[in-house]
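Structure assessment
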Amino acid sequence: MGITYEIQDDVIRFTTHGAVDFVEGLHVLQCGFAEASDITAKDASRKWFLLFDVRESTESRTSGELRDIATLIASHRGMLKGRSAIIVSKPLYYGLGRMFAVFMESFGLTTSVLHSDEEALHWLHAPLH
């Protein structure tokens, strides 16, 4: 159980399975950003969307932890496209996702909470209005 990441096209995808230790989760986020940064160093125009898949998560983050995660992400906003999506399957995670979205928006990063890969990828790549 834990958190993993993968980089595909213009998306850094973080997926949780079961319970994730908070510090371990922050470390994996940092690793994902470091790999994306290495790619961006070779192509300065390259920017990233973020996708969080928490459908298999069993954790419940505090508001302070969610704020700390958003703060870590915001420290990398120069390499981000400004949109992130969270894929959820339970009402609890929808609520936590909305709380996280508020923290992200305070850093100028728009976040949507959705229910499927297709919805999330479509929303991330949709034209801005």
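Residues numbered from 1 in each chain as written. Predicted model: local features only at pLDDT ≥ 70, side-chain atom pairs only at ≥ 80, totals over all residues. Heavy atoms only, no water.

Notes on the pattern of salt bridges
How we decide: By definition here, a salt bridge exists when the distance from a side-chain nitrogen of Lys or Arg to a carboxyl oxygen of Asp or Glu is within 4 Å. Numbered from the N terminus, helices here are DSSP runs of H or I no shorter than four residues, and strands are runs of E no shorter than two. The classification of residues rests on relative accessible area computed with a 1.4 Å probe and restricted to protein chains. Under 20% of the type maximum is buried, over 50% is exposed, and intermediate values are partly exposed.
Counted by the stated rule, this structure contains 7 salt bridges. Close ionic contact of Asp 53 with Arg 13 constitutes a salt bridge, the shortest N to O distance being 3.0 Å. Here the residue Asp 53 occupies a position in strand E3 (residues 48–57), and Arg 13 occupies one in strand E2 (residues 11–18), the gap between them amounting to 40 residues. Note on accessibility: Asp 53 and Arg 13 belong to one class, buried.

With respect to the pairing of strand E5 (residues 110–114)
Spelled out, the test is: A pair of strands counts as paired when DSSP detects no fewer than two bridges linking them. Handedness rule for crossovers: strands pointing away from the viewer, path from the first strand over the helix to the second running clockwise, crossover right-handed.
Where burial is concerned, most of E5 is hidden: 4 out of the 5 residues are buried. As judged from the 5 bridges shared by strand E4 (residues 80–87) and E5, these two strands associate in the parallel manner. Residue pairing in the sheet places Ala 85 in a bridge with Ser 112 of E5. In this fold, the crossover linking E4 to E5 by way of helix H3 (residues 91–105) has right-handed handedness.

Topic: the packing of aromatic side chains
Spelled out, the test is: Working definition: rings of Phe, Tyr and Trp (its six-membered ring) pair if their centres are within 6.5 Å, and the pair is stacked with planes under 30 degrees apart, edge-to-face with planes over 60 apart, and tilted otherwise. Counted as over-ring charges are cases with an Arg CZ or a Lys NZ within 6 Å of the ring centre that also lie within 35 degrees of the ring normal.
Enumeration according to the criterion identifies 4 aromatic pairs in this entry. Look at Tyr 5 and Phe 14: their rings are 6.2 Å apart centre to centre, the planes differ by 45°, and that puts the pair in the tilted class. What makes Tyr 5 partly exposed here is its relative accessible area of 27%. Taking 5.9 Å as the distance between ring centres and 80° as the angle between the ring planes, the aromatic pair formed by Phe 52 and Phe 100 counts as edge-to-face. Here Phe 52 is found in strand E3, whereas its partner Phe 100 is found in helix H3, with 48 residues between them in sequence. The same class applies to Phe 52 as to Phe 100, namely buried. A cation sits over an aromatic face here: Arg 83 above Trp 123, 4.9 Å from the ring centre.

What to know about empty space enclosed by the protein
Defined as follows: Buriedness of a pocket was judged along seven lines, with at least five required to meet protein on both sides within 12 Å; pockets are open sets of points on a 1 Å grid over the protein atoms alone, cavities are sets where a 1.4 Å probe fits but cannot get out, and lining residues have an atom within 4 Å of a point. Grid points are joined across faces, edges and corners, and a volume is the space filled by probe spheres set on the points. Gly is placed with the polar residues, together with every amino acid not listed as nonpolar (Ala, Val, Leu, Ile, Met, Phe, Trp, Tyr, Cys and Pro) or charged (Asp, Glu, Lys and Arg).
Overall, the coordinates contain 2 cavities of 30 Å³ or more when judged by the stated rule. If you add up the space inside the largest cavity, you get close to 350 Å³. If you go around the largest cavity, you meet 19 residues; those closest to its centre are Val 54, Glu 59, Arg 61, Leu 66 and Ile 69. Taken together, the elements giving at least two residues each to the lining of the largest cavity come down to helix H1 (22–42), E3, helix H2 (63–74) and H3. For the lining of the largest cavity, the residue count by class is 13 nonpolar, 4 polar and 2 charged. A volume near 30 Å³ is recorded for the second largest cavity. In this structure, the second largest cavity is lined by Trp 48, Leu 50, Leu 80, Gly 82, Arg 83, Ser 84, Met 104 and Leu 109.

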